[in-house]
Amino acid sequence: MLVLAMRSIRQRPGRFLATLLSAFLGAAIIMTFHSMHDTAGQPGVDSVSAGTLGTAAGVVGGYGTLLVFFAVASTLTVNVRQRAAELELLRCSGATPAQLKRMVVGEAAVVALVGAGLAILPAMLGGRLLLEVFQDSGQVARSVEHSFGTIALTSGIGITLLAAAGAAFLALRRAGRGHQRRGRARVFLPYAALVAGALAVCSTFAFSATDSALMAPPAYGSILLSVGCALMAPRLLRGVLDRLTPGGASGWLAVRNLRQRSGQLAGILMSLILFTAVSTATLTMQAVESEAVEASGLVKSVDAKNLETLNFTVVGIIVVFVCVMLVNSLYAATTYRGREFGQQRLAGATPGQVLGVVGAEGLVLTVTGVLFGTLAALAGIVPFTVVRGDEVLPGQMAGVWAAVASIGAAATLGTGLATARRVLRTPAVRAVASTA
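Right, let's walk through the structure included here. In this text the structure is predicted, and so the values were computed from the model without any measurement.

1. A word on the overall build of the protein
Helix and strand counts for the protein come out as 16 helices and zero strands. Taking contacts inside the protein between residues at least 6 apart in sequence as the whole, the part at least 24 apart equals 84%. Carbon and sulfur atoms make up 66% of the accessible area of the protein, which totals about 20,400 Å².

Shown next as structure tokens:
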């Protein structure tokens, strides 16, 4: 099966580009930050510098691990779904389910290893730049030199490989279950995340305005609430669609398509919800905290600087990964609809009308994702602002939210429309015949 996996990659490398890009970015981020462990472990590094480097590696490395898994899982799920006919043909030809699993997992592992290998040099350069950032802000001594060693290499390659293999295995299981009834865990987890998030947010009022840990409960609460909403993405999308009154043929067709494909679009909606909630909540609360410290005339401590750096870094990583996940998922999903677009054009639809449907679908997805992400963010921002500054909504939120919503809309609408325009270049008859 490994030979068959290698042959499949050589014959159609384009289908694995999205997974390769996700693995490359994930490995680069993981190795960049885990090289801080190697740097902190060098002889002669003072305790303050070592603590800063260790915190950055642990926190951002943990976020990076989760994001690698979700990014690779989203691309592999689309890949496996689009190859359903090919996998069924192999099964009918005598391949057992275990052999098919080994083939798909083997493909994912090979692609992940290639991506991790390509990420080594960028990670080395990124580690040096990251260390300079810490040194420029006074968090790490100038005498500390960057080290890229065993911890960075083993963690980057190992985590990326395990994430790819695990994501491939889960994608196959999901495809094999089809429309079977969901397990109890998948029903329970969203509500558990929502309850835990609500409790974390409410615990904010137990802290004082000057408590160094004040930002933690609302931040984690927003994350948990966004995770709960993200896990309920198909149901949330169907609920929004049930309340829409589409206008015109394009709007009606867009709502119909979204309702039929709500399960397949869950990954895109999950990305938008998490991106909006985490970015808006983190950046707004950090802006409020920085303004409060500046107004008090106090100098930020090393711990406060570490927290600020980590907040901006985590948000930056999330922005990169969410954009990659959105672009990969939307590109793959839209490319796969070539036959559908061809049939619509043969039935009399113009390319402009097809693009109108795709644009309407992207608009509904964007509004839904931003809406529930904003609600999750507000659940953390409001308690934090009330305790920290005695106001309900901070003025800093408007600019942050506008920037976050713009990025999400640009990634969703831009990728969908650009990919659809590319697919529409194929003549309708050829598109229907080549994918029939």
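2. Concerning the side chain of glutamine 286
As for its position among the elements, glutamine 286 is in helix α11 (residues 266-296). Not counting chain neighbours up to four residues away, the residues in contact with glutamine 286 comprise Met215, Lys300, Leu307, Glu308, Asn311 and Phe312.

3. A short note on the pattern of salt bridges
Under the definition given, this model contains three salt bridges. In this structure, arginine 388 and glutamate 289 form a salt bridge, with 2.8 Å as the shortest nitrogen-oxygen distance. Taken together, the residues arginine 388 in helix α14 (residues 351-389) and glutamate 289 in helix α11 connect sequence positions 99 residues apart. Given a relative accessible area of 19%, arginine 388 falls into the buried group.

4. Focus on the side chain of glutamine 344
In this structure, glutamine 344 sits in helix α13 (residues 338-346). Look past the residues within four positions of glutamine 344 in its chain and what remains in contact with it is Leu253, Asn257, Ala349 and Val354.

5. A word on the packing of helix α8 (residues 216-231) against α14
One can describe the packing of α8 onto α14 by two numbers: an axis separation of 7 Å at closest approach and a directional angle of 165 degrees. In terms of orientation, α8 lies roughly antiparallel with respect to α14. By crossing handedness, the relation of α8 to α14 is classed as right-handed. Taken together, the residues of α14 that come into contact with α8 (itself represented by Pro218, Ser222, Leu225 and Ser226) are Ala376, Ala377, Ala379, Gly380 and Phe384. For the contact of α8 with α14, the class distribution of residues is six nonpolar, three polar and no charged.

6. A word on a negative patch on the surface
On the surface, Glu291, Glu294, Asp390 and Glu391 cluster together into a patch of negative charge. Structurally, the position occupied by glutamate 291 is in helix α11.

Quick notes on the rules
- Residues numbered from 1 in each chain as written.
- Predicted model: local features only at pLDDT ≥ 70, side-chain atom pairs only at ≥ 80, totals over all residues.
- Heavy atoms only, no water.
- Helix = DSSP H or I, 4+ residues; strand = E, 2+ residues; numbered from the N terminus.
- Contact = heavy atoms within 4.5 Å.
- Areas by Shrake-Rupley, 256 points an atom, 1.4 Å probe, with all protein chains shown as cover.
- Salt bridge = Lys/Arg side-chain N within 4 Å of Asp/Glu carboxyl O.
- Buried < 20%, exposed > 50% of the residue type's maximum accessible area, 1.4 Å probe, protein only.
- Axes fitted to C-alpha atoms, helices over the stretch in contact; angles between N-to-C directions.
- Parallel < 35°, antiparallel > 145°, perpendicular 65-115°, else oblique.
- Left-handed = near helix turned anticlockwise from the far one by under 90°.
- Nonpolar A, V, L, I, M, F, W, Y, C, P; charged D, E, K, R; others polar.
- Patch = residues over 30% accessible without salt bridge, like charges linked within 9 Å, V, L, I, M, F, W, Y side chains within 5 Å.
- Lys, Arg positive; Asp, Glu negative; His and termini not counted.
- Charge placed at Lys NZ, Arg CZ, Asp CG, Glu CD.

Everything listed here is a matter of coordinates, which is why it stays silent on function.
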